[in-house]
Amino acid sequence: MTRGPPPLASIEKAMRHAEEIGYRVLPVYSRSLPCDFVITCTCFFAFVKVRGSIAIGYGVPDIREYCADEIAKLRSIVVGSTTRELWVRERPDKWHRYLITDDAIETVPEACGI
């Protein structure tokens, strides 16, 4: 179930943050695709879905419950050598990243970048 329009301000800030930490960012402009943008570097390619700030904790159990729609959309992307990430904004300068696999959700370390 979609809750409404995409969080455009959060998506824009997430793309800027990705560029700041060294990723190449490829925006996705189609609402029919289940991601907001793609990040890439020399050996990495990921589909990214953004969620604006949420008023709960940022542990994996909280994310699994409160971001179920975003996780389902990401899991609909068939991946081979690519990955899927959910980025959740806590505040303007703080992002939580989660690796979404078919059967698990893992926290991506804050220092994980280029």
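Use the structure listed above.
A brief report on the enclosed structure follows. (Residues numbered from 1 in each chain as written. Predicted model: local features only at pLDDT ≥ 70, side-chain atom pairs only at ≥ 80, totals over all residues. Heavy atoms only, no water.)

1. Describing the overall build of the protein
Counting its secondary structure elements, the protein contains three helices and six strands. For the protein, the succession of helices and strands along the chain, N to C, is α-β-β-β-α-α-β-β-β. In terms of overall dimensions, the protein is globule-like: its C-alpha atoms have a radius of gyration of 13 Å, near the 13 Å expected for 114 residues. Counting the 114 residues in the protein, one finds 41% classified as buried. If you take every contact in the protein between residues at least 6 apart in sequence, the share linking residues at least 24 apart comes to 49%. Roughly 6600 Å² of accessible area belongs to the protein as shown, and the carbon and sulfur atoms make up 55% of that amount. Here the protein carries 15 positive and 15 negative side-chain charges, and the mean point of each set is 4 Å from the other. (Helix = DSSP H or I, 4+ residues; strand = E, 2+ residues; numbered from the N terminus. Rg over C-alpha atoms; globule rule 2.2 N^0.38 Å. Buried < 20%, exposed > 50% of the residue type's maximum accessible area, 1.4 Å probe, protein only. Contact = heavy atoms within 4.5 Å. Areas by Shrake-Rupley, 256 points an atom, 1.4 Å probe, with all protein chains shown as cover. Lys, Arg positive; Asp, Glu negative; His and termini not counted. Charge placed at Lys NZ, Arg CZ, Asp CG, Glu CD.)

2. A short note on the pattern of salt bridges
Within this structure, the stated rule accounts for five salt bridges. Across the pair Asp-36 and Lys-49 runs a salt bridge, and its minimum N-O distance is 3.4 Å. Pair noted here: Asp-36 is in the loop between strand E1 (24–27) and strand E2 (37–41) and Lys-49 is in strand E3 (residues 44–51), with a separation of 13 residues, a long-range link. The same class applies to Asp-36 as to Lys-49, namely buried. The residue Glu-85 makes a salt bridge to Arg-97 at a minimum N-O spacing of 2.9 Å. Pair noted here: Glu-85 is in strand E4 (residues 83–91) and Arg-97 is in strand E5 (residues 94–100), with a separation of twelve residues, a long-range link. Exposure class is identical for Glu-85 and Arg-97. Each is buried. (Salt bridge = Lys/Arg side-chain N within 4 Å of Asp/Glu carboxyl O.)

3. Description of the packing of aromatic side chains
Per the counting criterion, the structure on display carries four aromatic pairs. Seen in terms of ring centroids, Tyr-23 and Phe-44 are 5.7 Å apart; in terms of plane orientation they differ by 35°. Their pairing is tilted. Linking Tyr-23 in the loop between helix H1 (8–20) and E1 with Phe-44 in strand E3, this pair joins segments that are 21 residues apart in sequence. Under the relative-accessibility criterion, Phe-44 is labelled partly exposed at 24%. (Phe/Tyr/Trp six-rings, centres within 6.5 Å; stacked < 30°, edge-to-face > 60°.)

4. A few points about helix H3 (residues 68–75)
Of all the residues in H3, the buried ones are Asp-69, Glu-70, Ile-71 and Leu-74. Elements in contact with the buried residues of H3: E3, helix H2 (60–66), E4, E5 and strand E6 (105–108).

5. Considering the nonpolar core
Judged by nonpolar contacts, the single largest core of 17 residues is most densely connected at Ile-63, Cys-67, Ile-71, Leu-86, Val-88, Tyr-98 and Ile-100. Of all the secondary structure elements, the ones that give two or more residues to this core are H2, H3, E4 and E5. Beyond its immediate sequence surroundings of up to four residues, Cys-67 is in contact with Arg-51, Ile-54, Asp-62, Leu-86 and Val-88. (Core = buried A, V, L, I, M, F, W, Y, C linked by side-chain atoms within 4.5 Å.)

6. Remarks on the state of the cysteines
All told, the structure shown has zero disulfides when counted by the stated rule. No disulfide involves Cys-41; its sulfur sits 4.6 Å from that of Cys-43, the nearest cysteine. For Cys-41, a relative accessible area of 26% corresponds to the partly exposed category. With no disulfide of its own, Cys-67 has Cys-35 as its nearest cysteine by sulfur position, at a separation of 16 Å. The class for Cys-67 is buried, based on a relative accessible area of 0%. (Disulfide = S-S within 2.5 Å.)

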